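Residue-level listing of the chains:
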Amino acid sequence: MNYKSTRDQSVNVTAAQAIAQGISKEGGLFVPEKLPSYSYADLCALSHMDYVDRAQRILSDFLTDFTQEEIQESVTAAYAPDKFGEHPAPLALQQTGEDNMYLLELWHGPTCAFKDMALQLLPHLLTKSLHKTCDGKTAVILVATSGDTGKAALEGFKDVAGTKMLVFYPEDGVSPMQKRQMATQEGANVHVCAIEGNFDDAQTGVKKIFTDPAVAEILAKNNMLFSSANSINWGRLLPQIVYYFSAYCDLMSTGEIDHEGEEINIVVPTGNFGNILAAYYARSMGLPVQKLICASNSNNVLTDFIRSGTYDKNRHFYTTISPSMDILISSNLERLLYHMTGGDTQKVSGWMAQLAHEGRYTVDETVLRQIQSLFYGGYCNDEDTERTIKMMFDTEHYLCDTHTAVAINVYKQYVEQSGDRATPTVIASTASPYKFAASVLQALEGGRPNGDEFAMVESLSALTGTAIPAPILALKEKGVRFNRVCDTASMLEVVFDTLGIR
Ligand SMILES: *Cc1c(COP(=O)(O)O)cnc(C)c1O
């Protein structure tokens, strides 16, 4: 299995190259040249396996330049039981009172967000890819984060041999719990630094360092090279395909799905379009999926795109209570466009150039019709998000976070509009409510909650009778390791300092 670029027909690389490189030279994203196909018999076989074996089976189809042992080592280490609490699998499928609605909880990992599902595995795939493509070098991974990605990447890469990681976050642009999670991070090879500026400043600073040839040369002299852990890396997308298959197989095991070809809907609270794209890949590989439901918050650029065919980022940016979805450029959409145009790299390049220069583009009628046959797009503002959290708790006694609430709300809109009440529906639940305790408390109680982040976490637990996740409880006892703050002009200094090079 080789990988092509969304922007250049002539690119053709192995999986290890795609993962080590992260992004293609001309700026395109790596896509599999051809997808494997799963029959009903394959799904039946998968349904008798545990999560690790399901991951092994699916990854093997995509990582054909990896040995079976390499894949096995990776998935076994990533999804070790001690990393995902007391759960027998790294995920949990919860049925709610409404017969056909299932919440796929993807947040039982070490940082309580779904990004753990990919970022626990990526370091293993990345170090093995680097070993195949540029042996013996230390990979330096720079991350700019607005919250969840930074912590999940730190946990994934901590003490992974052959890697060093430095995370920059905006000093005033993350939640107190997210800041605490990063400042107390353990691991000899990981570092964290706050910057005076916003997320864009952090991102721009990282990109500048990443692409500076003089810096690359200094790294090379010290036997190091830059690599990336961000969400456009194929190594982050691939692990996400597995859990949609796994959820379907779990529904087969319980008898909810009992005949060949029986379809489900999948609902995903969407930001960068990575998680829902993984569901699209699962469908393209033969998983019986009727609709992919793309849920946005007030930053509803994707809803408008799915409804009109015009992607337009020239609009107000809202800071919402579901911050991980506050995005106006959903990078992974480029991969969908590639597949919807039958691999027309010229068309995709053209649209991406228009997006870069004018902030908007419009796809052809045929592409739009295809997208609309697969996807339903909807959105939900903060007020309705809060109402949904309260409704879910009052009527179902199910406590959900703000991102998951957006997905539930949009699913209900879909049911109203389509009348489709019969199809079993899997909703991706992407974060623990305890990561966003202030907003969740406010939704349940009304009014602004007081106290520090731990007081709020305790109030939430007392109010709802639900347990505080162990990783969040443990933060209270952990000492702060990182308190460095720098201005954007000194970011390179910080990189050299932490690497101990000049
Ligand atoms: C990152 C994130 C999302 C958005 O996922 P994408 O793959 O970027 O679409 C949704 N919810 C939570 C909690 C997240 O951390």
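(A) Summary view of helix α7 (residues 148-157). With 9 of 10 residues buried, α7 is to be regarded as a mostly interior element. Residues Asp 148, Gly 150, Lys 151, Ala 152, Ala 153, Leu 154, Glu 155, Gly 156 and Phe 157 constitute the buried set of α7. At its buried positions, α7 is contacted by α5 (115-119), α6 (122-133), β5 (138-144), β6 (163-170), α8 (176-183) and β7 (190-196).

(B) Spotlight on the nonpolar core. Formed by 108 residues in total, the largest nonpolar core has its most connected members in Ile 241, Tyr 244, Phe 245, Tyr 361 and Phe 375. A total of 13 residues in this core trace back to one element, the largest contributor, which is helix α11 (residues 234-253). Look past the residues within four positions of Phe 245 in its chain and what remains in contact with it is Tyr 38, Leu 43, Leu 46, Ile 58, Ala 282, Met 285 and Leu 287. Ile 293, Ile 389, Phe 393 and Ala 405 belong to the second largest nonpolar core, which has 38 residues in total.

(C) Seen up close, the sheet that holds strand β4 (residues 101-105). Here we have 6 strands laid out as an open sheet, ordered β3-β4-β14-β9-β10-β13, and mixed in their pairing. Lying at the two open borders of the sheet, with one neighbouring strand each, are β3 (92-95) and β13 (375-379). Strand-to-strand twist across the sheet, computed as the mean angle between neighbouring axes with direction ignored, equals 25°. Sheet strands in contact with helix α18 (residues 402-418) are β4, β9 (264-269), β10 (289-296), β13 and β14 (425-429), and its direction is about 125° off that of β10.

(D) Structural view of the packing of aromatic side chains. Applying the stated criterion to the full structure yields 17 aromatic pairs. Between the aromatic rings of Phe 62 and Trp 234, the centroid separation amounts to 5.8 Å while the plane-to-plane angle is 50°, which identifies the pairing as tilted. In this pair, Phe 62 sits in helix α3 (residues 51-62) while Trp 234 sits in helix α11, placing the two residues 172 residues apart along the sequence. What makes Phe 62 buried here is its relative accessible area of 0%. Counting every residue linked through ring pairs, the aromatic cluster contains Tyr 3, Phe 62, Trp 234, Phe 273, Tyr 280, Tyr 281 and Phe 375. One Lys or Arg, Lys 132, reaches over the ring of Phe 66 and ends 4.9 Å from the middle of that ring.

(E) Inspection of the environment of Val 242 at higher detail. Inspection of the secondary structure assignment puts Val 242 in helix α11. It is 9.1 Å that separates the C-alpha atoms of Val 242 and Ala 279, two residues lying 37 residues apart in sequence. Not counting residues within four places of it along the chain, the set of residues in contact with Val 242 comprises Tyr 51, Arg 54, Ala 55, Ile 58 and Leu 59.

(F) Layout of the pattern of salt bridges. Applying the stated criterion across every chain yields a total of 19 salt bridges. Lys 151 is the partner of Glu 155 in a salt bridge, and the nearest nitrogen-oxygen pair spans 3.7 Å. On the criterion of helical spacing, the pair formed by Glu 155 and Lys 151 is a turn pair, its members being 4 residues apart in helix α7. The exposure classification of Glu 155 matches that of Lys 151, with both residues buried. Of the charged contacts in the structure, one is a salt bridge between Arg 387 and Glu 383, with a shortest N-O distance of 3.9 Å. A residue pair is termed a helical-turn pair when its members lie 3 or 4 positions apart in one helix, as Arg 387 and Glu 383 do in helix α17 (residues 382-396) at 4 residues.

Conventions and cut-offs
Each chain has its residues counted from 1, following the order in which its sequence is written. This being a predicted model, a pLDDT of at least 70 is required before a residue's local features are given, and a value of 80 or more before pairs of side-chain atoms are given or counted; all residues contribute to the totals for chains, interfaces and linings. For the side-chain quantities, the full set of heavy atoms in the structure was used; hydrogens and water were omitted. Any residue under 20% of the maximum accessible area for its type is buried, any over 50% is exposed, and the rest in between are partly exposed; the area is computed with a 1.4 Å probe on protein chains only. Under the scheme used here, helices are H or I runs from DSSP no shorter than 4 residues and strands are E runs no shorter than 2 residues, and both carry numbers assigned from the N terminus. Contacts were defined at the residue level, with two residues in contact if any of their heavy atoms lie within 4.5 Å. Here the nonpolar core consists of buried residues drawn from Ala, Val, Leu, Ile, Met, Phe, Trp, Tyr and Cys, with membership extended through side-chain atoms lying within 4.5 Å. For two strands to pair, DSSP has to find at least two bridges joining them. What counts as an axis is a line fitted to C-alpha atoms, over the stretch in contact for a helix, and the angles between N-to-C directions run from 0 to 180 degrees. Two rings belonging to Phe, Tyr or Trp (six-membered ring only in the last case) form a pair when the distance between their centres is within 6.5 Å. Interplanar angles under 30 degrees mark stacking, angles over 60 mark edge-to-face geometry, and anything in between is tilted. Remark: a charge is flagged as sitting over a ring if the NZ atom of Lys or the CZ atom of Arg is within 6 Å of the ring centre and within 35 degrees of the ring normal. Here, a salt bridge means any side-chain nitrogen of Lys or Arg that lies within 4 Å of a carboxyl oxygen of Asp or Glu.

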